[in-house]
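Chain and residue survey
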Amino acid sequence: MTASAATSYPRTWSRPPFVKRAWLRWTLYLGALVYLVASVGSVEVNWTRVWEGLDRGLRFVEGFLVPDFTSRWEDILIGMEESLTMTVASTIVGVLISVPIGIGAARNIAPLPIYAICRAIIALSRSFQEIIVAILFVAMFGFGPLAGFMTLSFATIGFLAKLLAEDIEDIDESQAEAVRATGAGWWQIINYAIQPQVMPRLIGLSLYRLDINFRESAVIGIVGAGGIGATLNTAMDRYEYDSAAAILILIILIVMAAEYSSGYVRKWLQ
């Protein structure tokens, strides 16, 4: 290679820009910045209320420094028991229902009518946030953990079935073809070709959903769906920030324990 040719080609590679024309790229950047400034400027902020809220926020932070675990310990214990019961039961029921729906929602193994029905169920479950579903079930079944259990189970179905269906659609088809070539039936293909490929992912997603359900149990309790959220809401309404801090600390500790233990559970099950 001549010296002129060596100098005409760059020695390092860099990713080409998404928009090649520099003037158009900077115009888009400027437009995005103007839109951001205009959006922030359109937000109405009551600075008087913000100033008054600083004192309440300070008292809430001070509550974390001296959390009170004793004054409302019985209520906290009942709320935690309800949340854990709702979490475990809804996760188990949700996983059991999600597996057949997820299999039916996988286009590579399910016939079109079943695929359409299962995808519709998943879309319906994912269309509403948990708090909206909780309000509906509270109106149907009344206040208490039953409404929370139904809410979390409903949300688990949409979450887990969708991801399971996508994992099944992304499997290595050569394994399924090898099992099918032996004359295996549909159920044997599911059991011997698909299940080994998706089971590790299913275990991980189930444990992850367990964490989510416990956190959501603290949210849906605010609308009367049972759990520790109702106790937390009561403490906040009474300005018992030290008790609220104790509840939040317990929630954080339980979520951290579940996070650290989930890795060991996955290794043990796999």
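Below you will find a few notes about this structure. (Residues numbered from 1 in each chain as written. Predicted model: local features only at pLDDT ≥ 70, side-chain atom pairs only at ≥ 80, totals over all residues. Heavy atoms only, no water.)

Helix and strand content of the chain: eleven helices and zero strands. For the chain, the C-alpha radius of gyration of 26 Å lies well beyond 18 Å, the compact-globule estimate for 270 residues. Counting only C-alpha atoms, the chain reaches 80 × 60 × 35 Å along its principal axes. Out of the 270 residues in the chain, the part that is buried amounts to 35%. (Helix = DSSP H or I, 4+ residues; strand = E, 2+ residues; numbered from the N terminus. Rg over C-alpha atoms; globule rule 2.2 N^0.38 Å. Buried < 20%, exposed > 50% of the residue type's maximum accessible area, 1.4 Å probe, protein only.)

Attention shifts here to the nonpolar core. Counting 16 residues, the largest nonpolar core has Ile 109, Leu 160, Ile 168, Ile 194 and Val 198 as the members making the most contacts within it. The set of elements that each furnish at least two residues to this core consists of helix H4 (73–104), helix H7 (145–169) and helix H9 (186–220). Looking at this core, the element that brings in the most residues is H9, giving six residues. When sequence neighbours within four positions are dropped, the list of residues in contact with Ile 168 reads Gly 102, Ile 103, Ala 106, Asn 108, Ile 109, Ile 194 and Val 198. Listed in part, the twelve residues of the second largest apolar core include Ile 76, Met 80, Ala 218 and Ala 235. (Core = buried A, V, L, I, M, F, W, Y, C linked by side-chain atoms within 4.5 Å. Contact = heavy atoms within 4.5 Å.)

For the rest of this paragraph, the subject is a nonpolar patch on the surface. On the surface, Leu 30, Leu 33, Val 34, Leu 36, Val 37 and Val 40 cluster together into a nonpolar patch covering about 590 Å² of accessible area. By the secondary structure assignment, Leu 36 is in helix H2 (residues 22–42). With a relative accessible area of 51%, Leu 36 lands in the exposed category. (Patch = residues over 30% accessible without salt bridge, like charges linked within 9 Å, V, L, I, M, F, W, Y side chains within 5 Å. Areas by Shrake-Rupley, 256 points an atom, 1.4 Å probe, with all protein chains shown as cover. Salt bridge = Lys/Arg side-chain N within 4 Å of Asp/Glu carboxyl O.)

With respect to the helices and strands, Arg 209 occurs in helix H9. Residues within four places of Arg 209 in sequence aside, it is in contact with Thr 91, Glu 130, Ala 155, Thr 156 and Phe 159.

What follows deals with the pattern of salt bridges. Applying the stated rule across the entire model yields five salt bridges. Between Glu 166 and Lys 162 there is a salt bridge, with its nearest N and O atoms 3.1 Å apart. Of this pair, Glu 166 and Lys 162 are both found in helix H7, four residues apart, which corresponds to roughly one turn of the helix. For Glu 166, a relative accessible area of 30% corresponds to the partly exposed category. Under the relative-accessibility criterion, Lys 162 is labelled partly exposed at 21%. Across the pair Arg 180 and Glu 177 runs a salt bridge, and its minimum N-O distance is 2.9 Å. Here Glu 177 and Arg 180 lie together in helix H8 (residues 173–181), a separation of three residues that amounts to about one turn.

Quick look at the packing of aromatic side chains now. For the structure shown, the criterion picks out three aromatic pairs. Aromatic side chains Trp 26 and Tyr 29 sit 5.5 Å apart centroid to centroid with 90° between the ring planes, which places their arrangement in the edge-to-face category. Highlighted residues: Trp 26 and Tyr 29, both in helix H2, separated by three residues, approximately one helical turn. Note on Tyr 29: relative accessible area 47%, which makes it partly exposed. Geometrically, the ring pair formed by Phe 137 and Phe 141 is stacked, given 5.8 Å between the ring centres and 25° between the ring planes. With Phe 137 and Phe 141 both in helix H6 (residues 130–141) and four residues apart, this pair spans about one turn of that helix. Since its relative accessible area comes to 39%, Phe 141 is described here as partly exposed. (Phe/Tyr/Trp six-rings, centres within 6.5 Å; stacked < 30°, edge-to-face > 60°.)

That is the geometry; function is a separate question.
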